[in-house]
Amino acid sequence: TSSNGDVVIKFVSPKDSILGGKKEQYIYIGVTIKNNINSIPTYEKRIREIAKKMNISGNVYISMTGTVNGDLSDEEKRKYSDNILDVIGAKYVTGKRGTDIYTLYAYDNGIDDYIKIGRDRINVNLTMNYDETEDKTCINLATPVYNYDY
């Protein structure tokens, strides 16, 4: 833990999880970066290298959350999301741009991993929600999907 971020490593062994006669085990590495997201690709690369050296197969997912003051209008949400997708080079695939639910799925051919929704490949998920207590709009961006409540 530091002023610039945190690293959490968890070893998870589900009780009843057996795959091909072997007990499944997972390693969770959570890296929280505060104030500057420019180092995200470096951490992703390091985690992939460590997994490869240790002969660990698996997936690396990235999730980012930021906030904007106030409750964004539908038009403001559209501008933010279009700009974010444009900056990262992802193309919109599907989603719901509503007042209550705002979630977009996109595809970036520069990201190797993807999942399919129907016949479409997706590997970027952008969600937005308003936090009334803080009076802020939370913007969540993840690959391939955002796996947390919003």
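So, here's what we can say about the structure. (Residues numbered from 1 in each chain as written. Predicted model: local features only at pLDDT ≥ 70, side-chain atom pairs only at ≥ 80, totals over all residues. Heavy atoms only, no water.)

This part is about the sheet that holds strand β5 (residues 62–69). Strands sit in the order β5-β11-β10-β7-β6 across an open sheet of 5 strands; the sheet is antiparallel. Only two strands of the sheet have a single partner each, and these edge strands are β5 and β6 (91–97). Shown here is a sheet whose adjacent strand axes are inclined to one another by a mean of 15 degrees, direction ignored. Those strands touched by helix α2 (residues 74–88) are β5, β6, β7 (102–107), β10 (124–131) and β11 (136–143), and its axis lies near 150 degrees from that of β10. (Pairing = 2+ DSSP bridges. Helix = DSSP H or I, 4+ residues; strand = E, 2+ residues; numbered from the N terminus. Axes fitted to C-alpha atoms, helices over the stretch in contact; angles between N-to-C directions. Contact = heavy atoms within 4.5 Å.)

With 6 bridges joining them, β6 and β7 adopt antiparallel strand pairing. Within the sheet, the bridge partner assigned to Y92 lies in β7 and is A106. Inspection of the sheet shows β7 paired to β10 by 5 bridges, in the antiparallel sense. Residue Y102 lies in a different strand from β10, and its bridge partner there is M128.

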